[in-house]
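Topology and contacts: notes
The chain contents come next:
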Amino acid sequence: LQHLEALTFDRARALLRGSADPLAGEPSALERARVLCSWGESDPTAAAVGSAVEIRSLVSRPSMNGKVGVVVSANASTARFGVRVAGEAKALALRPANLQPAAEAVEVGRLILKAAEWSPQSHELFPEAARKRAVEVMRLGYLIAWDEERFDGEGAAPGLVDLWRTHVLPHAVRR
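Residues numbered from 1 in each chain as written. Predicted model: local features only at pLDDT ≥ 70, side-chain atom pairs only at ≥ 80, totals over all residues. Heavy atoms only, no water.

1. Re the overall build of the protein
Within the protein, the secondary structure is distributed over five helices and five strands. If you list the helices and strands of the protein from N to C, you get α-α-β-β-β-β-β-α-α-α. Relative to the 2.2 N^0.38 estimate, which gives 16 Å for 175 residues, the radius of gyration of the protein is 22 Å and therefore markedly larger than a compact globule would have. Along the first, second and third principal axes, the C-alpha set of the protein runs to 75 × 30 × 25 Å. (Helix = DSSP H or I, 4+ residues; strand = E, 2+ residues; numbered from the N terminus. Rg over C-alpha atoms; globule rule 2.2 N^0.38 Å.)

Below is the structure:
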């Protein structure tokens, strides 16, 4: 997961299901995904070296628009990024306004963000052992919620099941 910009969506999903840890490494895949997914929203200058980017709105060389490259350098004094594009002899010096995260990299980043913590929506992204643990812990929640002795013969506390799912399971299920 360390090279999330180079992964396909399906490969990232397979790695997550195969127990890849989004918190491993420095910076972690989770940290890189946060930067990648917030890049265009909050800080257009947040492109990191190694990020896959798509060139857009380039007036001087319109033929480059739509091409995907990799950020190889960042120059704070000129406020430009060096972007290496296949087939080009040297890196292009581009302003942040001419770059956006590559679409597939953003999708992979969103997938990693989704898989950071267990939820019913991220369940399928966890390794098999973690998914089995989630089912076991959820069954325990149902047994507690439907315990007739605990709830004066009524034995139904659906609100407890919801609380169990949203507050207990995310802490009980780990990768």
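2. A look at the confidence of the model for the protein
Residue-level pLDDT values for the protein average 88, and 90% of them are 70 or greater. Per-residue pLDDT, averaged within each element of the protein, yields its smallest value for helix α2 (residues 29-42) (77) and its largest for helix α1 (residues 9-17) (96). (pLDDT = per-residue confidence, 0-100.)

3. Side note on the pairing of strand β1 (residues 52-55)
Of the pairings in the sheet, the one linking β1 to strand β2 (residues 68-75) comprises three bridges and is antiparallel in character. In the strand pairing of β2, A52 is matched with V70. (Pairing = 2+ DSSP bridges.)

4. A short note on the packing of α1 against helix α3 (residues 103-114)
Where α1 contacts α3, the axes come no closer than 9 Å and their chain directions differ by 20 degrees. Judged by the angle between their axes, α1 and α3 are roughly parallel. Relative to α3, the crossing made by α1 is right-handed. Facing α1, whose interface residues are F9, A12, R13 and L16, α3 presents E104, E107, V108 and L111. Among the residues forming the contact of α1 with α3, the class breakdown is five nonpolar, no polar and three charged. (Axes fitted to C-alpha atoms, helices over the stretch in contact; angles between N-to-C directions. Parallel < 35°, antiparallel > 145°, perpendicular 65-115°, else oblique. Left-handed = near helix turned anticlockwise from the far one by under 90°. Contact = heavy atoms within 4.5 Å. Nonpolar A, V, L, I, M, F, W, Y, C, P; charged D, E, K, R; others polar.)

5. As for the packing of aromatic side chains
Scanning the model with the defined rule gives zero aromatic pairs in all. We note R175 situated over the ring of F126; from NZ or CZ to the ring centre the distance is 4.2 Å. (Phe/Tyr/Trp six-rings, centres within 6.5 Å; stacked < 30°, edge-to-face > 60°. Lys NZ or Arg CZ within 6 Å of the ring centre and 35° of its normal.)

6. Some points on unusual backbone geometry
With an omega dihedral of 0 degrees, the bond running from E26 to P27 counts as a cis peptide bond. The residue P27 is located in the loop between α1 and α2 in this model. The backbone of S57 shows a phi angle near 55 degrees, a positive value even though the residue is not glycine. Looking at the element boundaries, S57 is found in the loop between β1 and β2.

7. Digging into the sheet that holds β1
Taking strand neighbours across the sheet as the criterion, the five strands line up as β4-β3-β2-β1-β5 in an open arrangement whose pairing is antiparallel. Every other strand in the sheet has two partners, leaving β4 (92-94) and β5 (99-101) as the edge strands with one partner each. Neighbour-to-neighbour, the strand axes of the sheet open up by a mean angle of 50 degrees, direction not taken into account.

8. Focus on the pattern of salt bridges
Per the counting criterion, the structure on display carries six salt bridges. Ionic pairing is found between E124 and R13, a salt bridge with its closest N-O pair at 2.5 Å. Within this pair, whereas E124 is found in the loop between α3 and α4 (128-145), its partner R13 is found in helix α1, the two being separated by 111 residues in sequence. Given a relative accessible area of 30%, R13 falls into the partly exposed group. Ionic pairing is found between E107 and R110, a salt bridge with its closest N-O pair at 2.9 Å. In this pair, E107 and R110 are both assigned in helix α3, three residues apart and thus about one turn of the helix distant. For E107, a relative accessible area of 36% corresponds to the partly exposed category. The class of R110 is partly exposed, set by a relative accessible area of 47%. Among the charged side chains, a network of salt bridges with common partners joins R13, R17 and E124. (Salt bridge = Lys/Arg side-chain N within 4 Å of Asp/Glu carboxyl O. Buried < 20%, exposed > 50% of the residue type's maximum accessible area, 1.4 Å probe, protein only.)

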